[in-house]
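# Summary of the model geometry
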Amino acid sequence: MGETSSEVADDRKGLRPRGGGGGGGSSRMARPVKKKPEKKKEDAPPPPELEPEPEPEPEPAPPAPEAEAADDWEEADDWETGDLAANLEKLGSASRAVDEEEEDGAELEAKAEAERLKAAGKALKEREAKKKAEQEAREALDAEQAAAADKAEREAELKKLECRQKRLAREKRRDADRSEDRLRSPICCIMGHVDTGKTKLLDKIRQTNVQDGEAGGITQQIGATFFDNATLRDKIEPVATHLASSKTTDLKYVDAIMGADPRAPRLKLPGLLVIDTPGHESFSNLRSRGSSLCDMAILVVDLMHGLEPQTLESISMLKRKRTPFVVALNKVDRCYDWNAVEGASIREALANQAENTTAEFEAKKQEAFQQLNAQSLNVALYWDNDDPGATVSVVPTSAITGEGVPDLLRVVLSLTQQRLAQKLMFGYNLQCTVLEVKVVEGLGATLDVILVNGCLHAGDTMVLCTQDGPIVTATRALLTPPPSRETRVKSDLIKHESLEGAIGLKITGDPELTKVVPGTGILVVHADDDVNDLKEEVMKDVAGLTDALATEAKGVTVQASTLGALEALLEFLRNPGKDRAGKERPPIPVSSATVGPIHKKDVLRAAIMAQKGHDEYSCILGFDVPVDPEAQAYADKNGVKIFTADIIYHLEGHFTRHLDDIMERKKDEARDVAVFPALFKISKQHVFNMKDPIIVGGEVTDGILKVGTPLCIPHLGFLDVGVVQSIEVNHKEVQTVRKGQECAVRIVNHGNPSMTYGRQFDHTHPLFSKVSRQSIDALKKYFRDDMIQDDLKLLVKLKKVFSVI
């Protein structure tokens with residue numbers, strides 16, 4: 001720190017010697033520079049070449065450590081002896097070299113990054129190009145496929161149209177080939193009210209007893225019976241014999257099938273197919289389906305009761321479909337003192353009756369005729385009918401004794417053969433309608449069908465209509481009952497290779513037949529037909545039938561033995577009409593409707609209704625179906641009711657009682673909540689106890705006062721007086737007092753036992769029943785029938801008083 005400026009200058013020039021006294025420490029802080037060779041020559045021989053920082057000498061250390069240290073320093077560092085500019089130049093060169101090296105490294109890294117980005121960009125372009133090429137290829141392929149599909153669709157449409165034209169031409173040609181020389185069997189429906197004797201009439205002709213095999217003696221399903229030509233000839237012989245003996249030949253339409261020999265009528269019809277339709281009102285859709293098939297109908301009218309509701313419905317249906325029909329005036333044997341002649345012609349039977357019996361018959365007949373005239377029908381006994389085209393023929397019959405049955409068959413056959421010959425000409429265009437879908441033990445899925453016209457063969461490929469769309473399947477077998485037996489009767493079925501219409505038969509096939517919609521037609525695929533064309537054609541039939549099986553989100557579960565019975569049951573439940581007491585019942589919603597026995601899965605489905613809070617719908621209504629024991633046990637465990645019946649309208653009774661039980665239980669639960677509207681005026685002269693309990697007399701000025709009604713006074717800040725504990729009228733306890741009645745009431749207030757008449761309130765304050773939103777909802781849901789119009793008006797006023805929203 002004491003150095004002079006000259007010393008500092010000398011030091012900067014490198015002239016000041018290193019190793020001197022006090023300046024040694026500062027000098028050592030300078031950066032060492034190589035010593036020049038001249039300085040080294042004075043002390044020792046110079047080495048051949050000095051390194052910037054020589055390694056220590058390998059020789060032993062010299063005795064003078066200070067001098068040796070100085071020599072080592074001087075030898076190791078010649079910074080002071082070198083040229084400063086040169087040294088700085090060297091440092092700059094070294095720094096530039098480092099910088100250039102770093103720049104070269106950065107440049108190399110930049111070049112490498114550029115190469116990498118270039119490669120990535122190239123790869124991206126290649127991928128995009130590849131993707132674009134693939135997209136173009138896909139688009140080209142899609143366009144090619146769309147064009148091919150469009151072409152195939154156009155070709156298919158053209159083929160379908162071509163096949164349709166061929167089919168229509170074939171049908172037209174076959175229609176033209178029909179002739180009156182060959183007739184098919186007419187189809188005749190027996191219609192009328194329940195219990196008029198429809199099935200009994202058929203039983204008499206068939207010599208069977210189907211009626212007694214049906215639950216309640218009521219037809220539950222459509223049954224078809226075929227009578228062949230020989231059977232018909234035999235059945236009408238009593239009429240022919242009577243006509244021959246009485247020489248009555250003045251009716252031309254009767255003579256149409258009569259010859260000179262009563263045993264050889266001119267009957268060209270191959271047979272007669274009779275369809276027995278249910279008479280109960282719930283089977284209107286089955287009757288509608290049957291009457292749409294029939295060429296002629298027999299309307300059965302009970303002589304003793306005249307026209308009944310379903311008889312009128314049948315008349316309306318026949319008029320609407322413009323179906324010719326005759327009237328069977330049944331149960332003539334019910335006339336007093338009737339003298340039965342088994343199986344005789346009705347004219348012969350009437351001739352054998354006493355005068356008083358004939359007079360009763362005439363009176364009953366005239367009454368029935370007047371009722372028929374009121375339906376805009378001209379009617380006459382068949383032997384008095386000289387204009388069958390405009391006048392309906394009436395045939396008196398007895399299904400018990402068989403009297404008049406030959407006449408009935410005779411009239412039906414005469415009218416059909418003479419007046420419906422054009423319609424009855426046999427043709428090969430298939431007309432076949434499904435009546436019922438059943439699962440039969442040993443046969444599997446079967447179709448009960450009516451083959452109206454045409455021909456069916458075993459193995460034919462059929463196109464059928466289902467709720468899920470058209471299906472194509474093959475017929476396994478064509479089965480018919482024996483002659484004069486119907487399809488519902490359990491008997492040995494006869495297998496056929498082919499059948500011609502009209503006839504009722506059973507078709508067996510694949511399990512998918514269970515989905516076929518009854519009432520729809522059957523089409524058969526021919527060699528030149530297009531299946532898609534036939535599918536479109538067959539689905540036209542389903543338009544009016546899908547709504548019948550539609551179900552709702554909440555409702556009962558319904559099971560039936562056949563799809564036709566299921567349709568009828570659904571129709572009955574949705575439009576139940578009036579109950580036994582004449583009270584209107586609301587429709588019963590249906591959440592699930594299936595065909596077949598009741599299994600556990602059906603109970604599980606019904607139990608969902610209870611989980612959703614609809615206990616009244618947690619039940620199963622089964623018509624003519626068995627219940628699996630496991631299903632019954634599960635239902636009992638989970639509170640699901642299963643109601644079964646063999647007569648369909650008995651189910652309504654079961655469900656009605658079930659609803660009543662549910663309603664009564666819910667009413668009991670709601671009694672504590674429901675508050676009936678009431679106004680009570682206290683009589684000043686009839687205050688019996690002022691406090692705990694308050695006992696006062698007075699009058700119900702409006703509404704209904706019931707035990708348990710909470711009372712308050714809105715004019716005193718809605719003061720809660722208490723709850724009615726009991727009511728007395730003329731010293732007798734009652735539960736209810738209506739408007740205008742006087743009574744004594746006992747009022748308790750557990751929340752405020754100090755409530756006192758004369759202190760908080762008196763006779764000048766009318767007592768109001770305290771209503772709430774909850775109590776009003778309970779009244780509306782469960783007790784609406786217990787209130788009259790005035791009660792409802794008071795309830796509306798109380799809503800405003802208590803500000804119930």
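Throughout what follows, the structure given in this document is the object of discussion. In this text the structure is predicted, and so the values were computed from the model without any measurement. (Residues numbered from 1 in each chain as written. Predicted model: local features only at pLDDT ≥ 70, side-chain atom pairs only at ≥ 80, totals over all residues. Heavy atoms only, no water.)

### Quick word on the overall build of the protein chain
The helix and strand tally for the protein chain stands at 22 helices and 29 strands. Taking all 805 residues of the protein chain together, 44% fall into the buried category. Put simply, of all contacts in the protein chain between residues at least 6 apart along the chain, 73% involve residues at least 24 apart. Total accessible area computed for the protein chain in this model is approximately 41800 Å², and 51% of it derives from carbon and sulfur atoms. (Helix = DSSP H or I, 4+ residues; strand = E, 2+ residues; numbered from the N terminus. Buried < 20%, exposed > 50% of the residue type's maximum accessible area, 1.4 Å probe, protein only. Contact = heavy atoms within 4.5 Å. Areas by Shrake-Rupley, 256 points an atom, 1.4 Å probe, with all protein chains shown as cover.)

### A word on the nonpolar core
Within the largest apolar cluster, 70 residues are counted, with the highest numbers of intra-cluster contacts made by Ile187, Leu272, Ile298, Phe325, Val327 and Ile450. Ranked by residues supplied to this core, first place goes to helix 15 (residues 405–419) with seven residues. Setting aside chain neighbours within four positions, we find leucine 272 in contact with Ser185, Pro186, Cys188, Thr225, Phe226, Phe227, Leu232, Leu409, Val412 and Leu413. In this structure, Ile682, Val724, Cys743 and Val745 belong to the second largest nonpolar core, which totals 22 residues. (Core = buried A, V, L, I, M, F, W, Y, C linked by side-chain atoms within 4.5 Å.)

### What about the sheet that holds strand 19 (residues 590–595)?
Backbone hydrogen bonds hold the strands of a sheet together, and the pairing may be parallel or antiparallel. With parallel pairing, four strands are arranged side by side in an open sheet as 19-18-20-21. The open sheet terminates on both sides in strands that have one partner only, identified here as strand 19 and strand 21 (641–645). Averaged over neighbouring strand pairs, the angle between their axes works out to 15° when direction is ignored. Of the strand pairs in this sheet, strand 18 (residues 556–560) and strand 20 (residues 619–623) are connected by four bridges, and their pairing is parallel. Within strand 20, the position partnered with glutamine 559 by the bridge is glycine 622. Helix 18 (residues 600–611) rests against strand 18, strand 19, strand 20 and strand 21 of the sheet, and its axis sits at about 155° to strand 18. (Pairing = 2+ DSSP bridges. Axes fitted to C-alpha atoms, helices over the stretch in contact; angles between N-to-C directions.)

### What to know about unusual backbone geometry
Cis peptide bonds are those with omega within 30 degrees of zero, and the linkage from aspartate 692 to proline 693 qualifies with 0°. Although it is not a glycine, histidine 731 sits at a positive phi angle of roughly 65°. Here histidine 731 shows up in the loop between strand 25 (719–729) and strand 26 (732–734). The exposure class of histidine 731 is exposed, given its relative accessible area of 77%. Even without being a glycine, serine 803 presents a positive backbone phi close to 55°. Note on placement: serine 803 falls in the segment after helix 22 (789–801). Judged by its relative accessible area of 58%, serine 803 is exposed.

### Observations concerning the sheet that holds strand 8 (residues 431–440)
In spatial order, the strands read 8-9-16-13-14; together these five strands make up an open sheet with antiparallel pairing. The sheet is open, and its two borders are formed by strand 8 and strand 14 (494–496), each paired with just one other strand. Each adjacent strand pair in this sheet contributes to an overall mean axis angle of 35°, direction not counted. The pairing of strand 9 (residues 444–453) with strand 16 (residues 503–508) spans six bridges and is antiparallel. Note that in strand 16 the partner of threonine 446 across the bridge is threonine 508.

### A short note on the packing of aromatic side chains
Taken as a whole and judged by the stated rule, the model has five aromatic pairs. Between phenylalanine 676 and phenylalanine 783, the aromatic rings sit 5.8 Å apart at their centres with planes inclined by 65°, giving edge-to-face as the arrangement. Here phenylalanine 676 is found in the loop between helix 20 (650–670) and strand 22 (678–689), whereas its partner phenylalanine 783 is found in the loop between helix 21 (773–782) and helix 22, with 107 residues between them in sequence. Phenylalanine 783 carries the same exposure label as phenylalanine 676, and that label is buried. Between tyrosine 757 and phenylalanine 761, the aromatic rings sit 5.6 Å apart at their centres with planes inclined by 80°, giving edge-to-face as the arrangement. The pair formed by tyrosine 757 and phenylalanine 761 is uniform in burial state, with each residue classed as buried. Between the NZ or CZ atom of lysine 706 and the centre of the ring of phenylalanine 676, over which it lies, the distance is 4.8 Å. (Phe/Tyr/Trp six-rings, centres within 6.5 Å; stacked < 30°, edge-to-face > 60°. Lys NZ or Arg CZ within 6 Å of the ring centre and 35° of its normal.)

### Looking at a negative patch on the surface
Together, Asp99, Glu100, Glu101, Glu102, Glu103 and Asp104 make up a region of like negative charge exposed at the surface. Take aspartate 99: it is sitting in helix 5 (residues 84–177). Of the residues examined, aspartate 99 reaches a relative accessible area of 35% and is grouped as partly exposed. (Patch = residues over 30% accessible without salt bridge, like charges linked within 9 Å, V, L, I, M, F, W, Y side chains within 5 Å. Salt bridge = Lys/Arg side-chain N within 4 Å of Asp/Glu carboxyl O. Lys, Arg positive; Asp, Glu negative; His and termini not counted. Charge placed at Lys NZ, Arg CZ, Asp CG, Glu CD.)

### Looking at helix 14 (residues 355–374)
Along an α-helix, residues three or four positions apart point the same way, because every turn accommodates 3.6 residues. Taking 1.5 Å per residue as the helical rise, helix 14 with its 20 residues ought to reach 28 Å, and the 29 Å between its terminal C-alpha atoms agrees with that figure. The set of residues buried in helix 14 consists of Thr357, Phe361, Lys365, Ala368, Phe369 and Leu372. The buried residues of helix 14 occupy an angular sector of 105° when projected down its axis, which confines them to one face. Across helix 14 from its buried face, at more than 90 degrees, point the exposed residues Glu355 and Ala374. One or two positions beyond helix 14, positive phi appears at serine 376, with a value near 65°. (Expected span 1.5 Å × (residues − 1). Arc of directions from axis to C-beta.)

### Looking at the pairing of strand 21
Along any regular strand, the residues point their side chains to alternate faces of the sheet. Strand direction decides the pairing type here: strand 20 and strand 21, joined by five bridges, are parallel. Pairing of glycine 622 across the sheet is with threonine 644, part of strand 21. Assessed by its sense of winding, the connection that carries the chain from strand 20 through helix 19 (residues 629–638) to strand 21 is right-handed. (Right-handed = clockwise from strand over helix to strand, strands pointing away.)

### Some words on the pattern of salt bridges
Evaluated as defined, the whole model comprises 32 salt bridges. Here aspartate 602 and arginine 605 are joined by a salt bridge, their closest N and O atoms 3.0 Å apart. Of the two residues, aspartate 602 and arginine 605 are both situated in helix 18; the distance of three residues between them amounts to about one turn of the helix. For aspartate 602, a relative accessible area of 0% puts it in the buried group. Among the charged side chains, a salt-bridge network with shared partners connects Glu157, Lys160, Arg164, Arg167, Glu171, Asp533, Glu536 and Glu537.

### A closer look at the environment of threonine 473
Note that threonine 473 resides in strand 12 (residues 469–474). In sequence terms threonine 473 and valine 524 are 51 residues apart; their C-alpha atoms lie 9.8 Å from each other. In contact with threonine 473, not counting residues within four places along its chain, are Asp460, Thr461, Met462, Leu464, Asp510, Glu512 and Leu513. Separated by 3.0 Å, the side chains of threonine 473 and aspartate 510 make a polar contact. (Polar contact = N/O pair within 3.5 Å; in protein donor to acceptor, adjacent residues only side chain to side chain.)

### Quick notes on helix 6 (residues 198–206)
For helix 6, the tally of buried residues reaches seven of nine residues, placing the bulk of the element in the interior. Among the residues of helix 6, those classed as buried are Lys198, Thr199, Leu201, Leu202, Asp203, Ile205 and Arg206.

### Focus on the packing of helix 18 against helix 19
Any two packed helices are characterised by the angle at which their axes cross and by the distance between the axes. Running from N to C, helix 18 and helix 19 point in directions that differ by 25°, and their axes come no closer than 8 Å. One element, helix 18, and the other, helix 19, form an angle in the roughly parallel class. Residues Lys600, Val603 and Leu604 of helix 18 form the contact with helix 19, whose participating residues are Glu630, Ala631, Tyr634 and Ala635. (Parallel < 35°, antiparallel > 145°, perpendicular 65-115°, else oblique.)

### Description of the pairing of strand 1 (residues 187–192)
Most of strand 1 sits inside the fold, with six of its six residues counted as buried. Side chains Ile187, Cys189 and Met191 of strand 1 all project onto a buried face; the interleaved residues Cys188, Ile190 and Gly192 project onto the opposite face, where all are buried too. As defined by bridge partners, strand 1 adjoins strand 3 (residues 271–276) across four bridges and the pair is classed as parallel. Considered in strand 3, the bridge of cysteine 188 is made with valine 274. In terms of strand pairing, strand 1 meets strand 4 (residues 296–302) through five bridges, oriented parallel. The partner of cysteine 188 across the bridge, within strand 4, is methionine 296.

Read these as spatial facts, not as claims about activity.
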